[in-house]
Amino acid sequence: MLKSVGIILFCLQILYGQNSNKISALKVHNDAREEVGVKPLVWSENLEIDAKKYADYLASKDIFKHSGSLKEINQGENLYSTAYFVFQENGEKFFFENTNYLKDASISWLGEKKDYTYAKIGDRKNNFSKIGHYTQMVWNETTQVGIAYSKSISGKVYVVARYYPAGNIISQFPY
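Nothing here was measured: the structure is a model prediction, and the numbers come from that model.

Participant: Explain the overall build of the protein chain to me, and be specific about the residues and the numbers.
Facilitator: A count of helical and extended segments in the protein chain gives five helices and six strands. Along the chain direction, N to C, the helices and strands of the protein chain fall in the order α-β-α-α-β-β-β-α-α-β-β. Looking at the protein chain as a whole, 41% of its 175 residues qualify as buried. Put simply, of all contacts in the protein chain between residues at least 6 apart along the chain, 70% involve residues at least 24 apart. Summed over all atoms, the accessible surface of the protein chain reaches about 10400 Å², with 57% contributed by carbon and sulfur.

Participant: Give me the packing of aromatic side chains: which residues, what numbers.
Facilitator: The final tally for this structure, using the stated rule, is seven aromatic pairs. Between Tyr118 and Tyr175, the aromatic rings sit 5.0 Å apart at their centres with planes inclined by 50°, giving tilted as the arrangement. In this pair, Tyr118 sits in the loop between α4 (101-110) and α5 (128-137) while Tyr175 sits in the segment after β6 (156-164), placing the two residues 57 residues apart along the sequence. A relative accessible area of 38% places Tyr118 in the partly exposed class. We classify Tyr175 as partly exposed; its relative accessible area is 27%.

Participant: Talk me through α5; I want residue IDs and the actual numbers.
Facilitator: Extensive coverage of α5 is indicated by the burial of seven of its ten residues. Every buried residue of α5 is listed here: Ile131, Gly132, His133, Tyr134, Thr135, Gln136 and Met137.

Participant: A description of the layout of surface pockets should follow, citing residues and the corresponding values.
Facilitator: Space inside the second largest pocket adds up to approximately 350 Å³. Along its surface, the second largest pocket is lined by 17 residues, and Glu77, Phe128, Gln136, Gly167 and Asn168 are the ones closest to its centre. Elements with a contribution of two residues or more to the lining of the second largest pocket: α3 (70-73), β2 (76-83) and α5. By residue class, the composition of the lining of the second largest pocket is four nonpolar, eleven polar and two charged.

Participant: For the side chain of Asn78, give the residues involved together with the corresponding values.
Facilitator: Considering the arrangement of structural elements, one finds Asn78 in strand β2. A distance of 3.1 Å separates polar atoms of two side chains, one belonging to Asn78 and the other to Tyr163. In contact with Asn78, not counting residues within four places along its chain, are His66, Trp109, Gly132, His133, Gln136, Met137, Val159, Val160, Ala161 and Tyr163.

Conventions we followed
Residues numbered from 1 in each chain as written. Predicted model: local features only at pLDDT ≥ 70, side-chain atom pairs only at ≥ 80, totals over all residues. Heavy atoms only, no water. Helix = DSSP H or I, 4+ residues; strand = E, 2+ residues; numbered from the N terminus. Buried < 20%, exposed > 50% of the residue type's maximum accessible area, 1.4 Å probe, protein only. Contact = heavy atoms within 4.5 Å. Areas by Shrake-Rupley, 256 points an atom, 1.4 Å probe, with all protein chains shown as cover. Phe/Tyr/Trp six-rings, centres within 6.5 Å; stacked < 30°, edge-to-face > 60°. 1 Å grid on protein atoms, 1.4 Å probe; cavity = no way out; pocket = protein on both sides within 12 Å on 5 of 7 lines; lining within 4 Å. Points joined across faces, edges and corners; volume = space filled by probe spheres on them. Nonpolar A, V, L, I, M, F, W, Y, C, P; charged D, E, K, R; others polar. Polar contact = N/O pair within 3.5 Å; in protein donor to acceptor, adjacent residues only side chain to side chain.

Below, the structure written as structure tokens:
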């Protein structure tokens, strides 16, 4: 009996941790959206599943590239990658198991705000490669997000965010 209670508590702790990671990542997105007067996003379990499948694919191949099938499903996508370990002085790896990769990725994407000048997507005022993650986060027509990550054998973490409907439409303002 005590063993099964321990297992249940452990599972609840894992689920709560995952939920708190989702909540904090969603908060980063929605705070950014509130700043520009855009309605908040809601978390989508379906988008999270899509994001997890693609994160698993990236980690299995240890590659970093956008999905080629987003237009057919009308999803936007943000990617982020980092290592989940550092080498200690003795040469051993120290793993960051309690890192909130979803929030860290969201903060990274939000960091592009400093490079954004309000303009239509594709306008010469902005370098899209420096602002596209941010503009997808705050895209006015986008209503849902799901984010997930996967770790590769080499020690990289791949974070994938999926948005619905997709943003960053050429010749349109993000908000």
